[in-house]
Amino acid sequence: MTIKNVDFIGSWEHEHQCPKADKPEYAFIGRSNVGKSSLINMLTNRKSLARVSNTPGKTQTLNYFDVDGAWFLVDLPGYGYAKISKKMRDKWERMIEKFLMERRNLMCTFVLIDSRHDLQQIDLEFINWLGLRAIPFAIVYTKTDKLAKTQVEININQIRTSLLEYWEELPDQFVTSSEKAVGREEILHFIGDLNNKY
Ligand code: GTP
Ligand code: MG
């Protein structure tokens, strides 16, 4: 699939404010700083469409991007940001839960996991939470350019093993680097297939 045009269409705090659910959409979520905004920029081939930052917790709203008038990308605020207050965390939970449960056109949620580390408890909890609610998701391993190839394989196998303690089978998975545009074709192809099923 090729992308011709991408427009930022807005940021909202509540699911009911989001654009009309009349085309397929794809959300990106994961720990704060895992690389969600960078991945959206890489997929759309735009340098600074989604705001990238070294400060965790940069994205705080549901950020919508329209791709070729045909589908939406949604950049979601990350979880696991240590310095966040309980009040903010509760707000995040309400926002995300409502969004993931209510958007009828949400074809897949991409859960980003940092390929440099073992599976974190908070990632496992989030993935299991999606599973309990039967929300379709895929896993994206990020920042693989920061590791040697063999180490990437070792880490990803370790993460898979950890997940398989809870899951009988794993969802679709993508190995990526936003820095080097690794995994771009695979994810766009996957989205294209789902768009055809909408
Ligand atoms: P929040 O919105 O704060 O939750 O963060 P985010 O998940 O959107 O992460 P973001 O895309 O802002 O990236 C965080 C940092 O990681 C930035 O400094 C990026 O440049 C860096 N980064 C993201 N993806 C990659 C990657 O594939 N390779 C490398 N080397 N750095 C990356
Ligand atoms: Mg972000």
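Residue numbers run consecutively from 1 along every chain, following the written order of its sequence. Following the order in which they are written, the chains are lettered starting with A and the ligands numbered starting with 1. This being a predicted model, a pLDDT of at least 70 is required before a residue's local features are given, and a value of 80 or more before pairs of side-chain atoms are given or counted; all residues contribute to the totals for chains, interfaces and linings. Side-chain numbers come from the whole structure's heavy atoms, not from hydrogens or water.

Draft legend 1. Here's a closer look at the site of ligand 1. We call a residue near a molecule or strand when any one of its heavy atoms sits within 4 Å of it. Lining the immediate environment of ligand 1, one finds 22 residues, of which Ser 38, Asn 54, Thr 59, Asp 145 and Ser 178 sit closest. Residues adjacent in sequence count toward polar contacts only when both atoms are side-chain atoms; beyond that, a polar contact is any pair of N or O atoms within 3.5 Å, and within protein one must be able to donate a hydrogen and the other to accept it. Val 34 has a polar backbone atom sitting 3.3 Å from an oxygen atom of ligand 1. In this structure, Ser 37 approaches ligand 1 through a side-chain N or O atom, which is 2.9 Å from an oxygen atom. Notes on ligand 1: free accessible area 650 Å², of which the protein chains cover 89%. Here the residues of the shell around ligand 1 are counted per class, giving three nonpolar, 13 polar and six charged. Here the accessible surface of atoms and residues is derived via Shrake-Rupley with a 1.4 Å probe, and residues count as covered only by protein chains that are part of the display. All amino acids are sorted into three groups, where Ala, Val, Leu, Ile, Met, Phe, Trp, Tyr, Cys and Pro are nonpolar, Asp, Glu, Lys and Arg are charged, and the leftover types, Gly among them, are polar.

Draft legend 2. Expanded view of the nonpolar core. Remark: nonpolar core denotes a set of buried residues (Ala, Val, Leu, Ile, Met, Phe, Trp, Tyr, Cys) joined through side-chain atoms within 4.5 Å. Partly exposed residues are those whose accessible area sits between 20% and 50% of the maximum for their type, while under 20% is buried and over 50% is exposed, using a 1.4 Å probe and protein chains only. Among the nonpolar cores identified, the biggest contains 31 residues, and Phe 99, Leu 100 and Phe 126 are the most heavily contacted of them. Other than its neighbours up to four places away in sequence, Leu 100 contacts Leu 106, Thr 109, Phe 126, Trp 129, Leu 130 and Ile 135. Judged by nonpolar contacts, the second largest core, of 26 residues, contains Val 6, Phe 174, Ile 187 and Ile 191. Pairs of residues are marked as contacts when any of their non-hydrogen atoms sit within 4.5 Å.

Draft legend 3. Region of the structure containing the pattern of salt bridges. Each reported salt bridge corresponds to a side-chain nitrogen of Lys or Arg within 4 Å of a carboxyl oxygen of Asp or Glu. What the rule picks out here adds up to nine salt bridges. Asp 90 is paired through a salt bridge with Lys 86; the nearest N and O atoms lie 2.8 Å apart. With Asp 90 and Lys 86 both in helix α2 (residues 86–102) and four residues apart, the pair spans about one turn of that helix. Across the pair Glu 97 and Arg 133 runs a salt bridge whose closest N-O atoms are separated by 3.9 Å. In this pair, Glu 97 sits in helix α2 while Arg 133 sits in the loop between α3 (121–132) and β6 (137–142), placing the two residues 36 residues apart along the sequence. Arg 133 sits in the partly exposed class, given a relative accessible area of 31%. Going along the chain from the N terminus, every DSSP run of H or I of four or more residues is numbered as a helix, and every run of E of two or more is numbered as a strand.

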